[in-house]
Amino acid sequence: MIAVTGENMKAIDNYCIEKLGIPGIVLMENAALKVIKNIDLNKFNHFTILCGVGNNGGDGLAVARHLIVKDKKVDIFILGNIDKGSHDFMINYNILKNMNIPIKYIDNKKDLKTLEESLSKSDMVIDSVFGTGLTREVEGIYKDAFSLVNQKGKYILSIDIPSGMDSDTGKILGIAIKPNKTITFQLMKKGLVDNKNLAGDVIVEPIGMPKIAIDTVLNTNKDH
Ligand SMILES: NC(=O)C1=CN([C@@H]2O[C@H](COP(=O)(O)OP(=O)(O)OC[C@H]3O[C@@H](n4cnc5c(N)ncnc54)[C@H](O)[C@@H]3O)[C@@H](O)[C@H]2O)[C@H](O)CC1
Ligand SMILES: [K+]
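Our subject in this report is the structure included herewith. As the structure is a computational prediction, the values presented were derived from the model and not from experiment. In this convention, every chain numbers its residues from 1, walking through the sequence in written order. To read the labels, note that chains go from A and ligands from 1, taken in the order they are written. Local features in this predicted model are restricted to residues whose pLDDT is 70 or higher, and side-chain atom pairs enter the listing and the counts only when it is 80 or higher, whereas totals over whole chains, interfaces and linings include all residues. The basis for every side-chain value is the complete set of heavy atoms in the structure, and neither hydrogens nor water enter the calculation.

### A short note on the layout of surface pockets
Stated formally: Put simply, the grid is 1 Å and covers the protein atoms alone, a cavity is a trapped set of points that fit a 1.4 Å probe, a pocket is an open set with protein on both sides within 12 Å along at least five of seven lines, and lining residues have an atom within 4 Å of a point. Grid points are joined across faces, edges and corners, and a volume is the space filled by probe spheres set on the points. Numbering of helices and strands runs from the N terminus; a helix is a DSSP stretch of H or I covering at least four residues, while a strand is a stretch of E covering at least two. Note that Gly is not counted as nonpolar here; it falls among the polar residues with everything else outside the nonpolar set of Ala, Val, Leu, Ile, Met, Phe, Trp, Tyr, Cys and Pro and the charged set of Asp, Glu, Lys and Arg.
Computed from the structure, the largest pocket encloses a volume of approximately 990 Å³. Put simply, the parts of the chain that give the lining of the largest pocket at least two residues each are helix H1 (6-19), helix H2 (24-37), helix H3 (55-69) and helix H4 (87-98). By residue number, the principal contributor to the lining of the largest pocket is H1, which donates 6 residues. Residues that form the lining of the largest pocket fall into these classes: 15 nonpolar, 15 polar and 11 charged.

Shown next, in the form of structure tokens:
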């Protein structure tokens with residue numbers, strides 16, 4: 001099975017969006033539906049969803065919306081500065097605001113209390129803080145939140161990459177979420193192969209990226 005880097009994935013993403021005209025939000029919605037497909041909705045009814053403010057976080061917000069539509073109990077927490085929200089993150093953020101869905105923000109240690117309360121009641125944690133866009137060590141409130149999730153989460157599903165793991169090398173940058181399952185999009189990531197024992201059960205789910213995008217980007221890269 002082919003395994004790619006975050007950079008490869010970004011290039012394929014950009015090809016789909018810029019060359020083929022597939023809006024990023026379509027890929028994000030496809031991604032969210034593939035996460036839902038991998039959740040046993042007869043078994044899990046209460047979710048703690050931890051989101052960053054990039055597209056990984058956007059995936060988590062879209063998953064939250066689909067769970068809400070299916071009448072599941074969903075506690076949404078955002079880590080990071082909304083003003084830095086990516087374009088597609090903001091689309092899903094605004095939809096939830098328009099639906100009057102409560103969203104909690106974890107800015108400092110006192111906010112961890114509400115996260116802990118949710119973790120004590122929920123039966124699944126969805127980790128959508130960082131994916132292929134992790135760029136540096138996980139520190140501060142992110143570290144505190146990850147540690148709490150790893151201690152108290154009953155069952156953890158990571159979106160695309162366990163947050164805190166480098167998608168290219170599998171290295172843990174300070175601390176990473178320790179999932180039971182990781183749903184990674186379209187292609188296996190090198191980091192998930194190199195550090196398979198810290199990603200739980202890894203499932204690769206296509207999200208509608210045409211072969212031409214993948215072949216063009218990967219073959220082009222091969223020439224270099
Ligand atoms: N190409 C695909 O297959 C698709 C991927 N999707 C999802 O998009 C993410 C990648 O999104 P991106 O916005 O590039 O990055 P992230 O969301 O992973 O994170 C960026 C976000 O996090 C901040 N950040 C990075 N490192 C740190 C740190 N150590 N501490 C604090 N903050 C940090 C950074 O500033 C950004 O704000 C991919 O994984 C998929 O989940 C699409 O949704 C569908 C198509
Ligand atoms: K993640």
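That shown, we press on.
### Remarks on the coordination of the potassium ion (ligand 2)
The criterion, for reference: Only nitrogen, oxygen and sulfur atoms count as donors, using a 2.8 Å cut-off from the metal that widens to 3.2 Å for Na, K and Ca. Water is left out, so coordination shells may look unfilled. The cut-offs for exposure are 20% and 50% of the maximum accessible area for each residue type, with area from a 1.4 Å probe on protein chains only; residues under the lower value are buried, those over the upper are exposed, and the others partly exposed.
Every protein donor of the potassium ion (ligand 2) is accounted for by Asn 56 (OD1), Asp 127 (O), Phe 130 (O), Ile 159 (O), Ile 161 (O) and Ser 163 (OG), and the metal-donor separations fall at 2.6 to 3.1 Å. Linear spacing of the donor residues for the potassium ion (ligand 2) on their chain is N-x70-D-x2-F-x28-I-x1-I-x1-S. By relative accessible area, Ile 161 is classed as buried at 0%. Taking the relative accessible area as the measure of exposure, Ser 163 reaches 0% and is therefore buried.

### Some points on the pattern of salt bridges
We count it as follows: When a carboxyl oxygen of Asp or Glu is within 4 Å of a side-chain nitrogen of Lys or Arg, the pair counts as a salt bridge.
Counted under the stated rule, the structure contains 9 salt bridges. Salt-bridge contacts for Glu 205 lead to Lys 34; the nearest nitrogen and oxygen are separated by 3.5 Å. Of this pair, Glu 205 sits in strand S9 (residues 201-205) while Lys 34 sits in helix H2; the two residues are 171 residues apart in sequence, bridging distant segments of the chain. Judged by relative accessible area, Glu 205 falls into the buried class, the value being 4%.

### As for the site of ligand 1
Filter applied, for reference: One heavy atom within 4 Å of a molecule or strand makes the whole residue count as near it. Any pair of nitrogen or oxygen atoms within 3.5 Å is treated as a polar contact; in protein, a donor-acceptor pairing is required on top of that, and neighbouring residues in sequence qualify only through side-chain atoms on both sides. Working definition of accessibility: Shrake-Rupley area with a 1.4 Å probe, residue cover restricted to the visible protein chains.
What surrounds ligand 1 is a group of 23 residues, the closest being Asn 56, Asp 59, Gly 131, Arg 136 and Asp 160. Here a nitrogen atom of ligand 1 and a side-chain polar atom of Asp 13 are 3.1 Å apart. The contact in question runs from a nitrogen atom of ligand 1 to an N or O atom on the backbone of Arg 136, over 2.9 Å. When isolated, ligand 1 has an accessible area of 880 Å², and the protein chains bury 87% of it.

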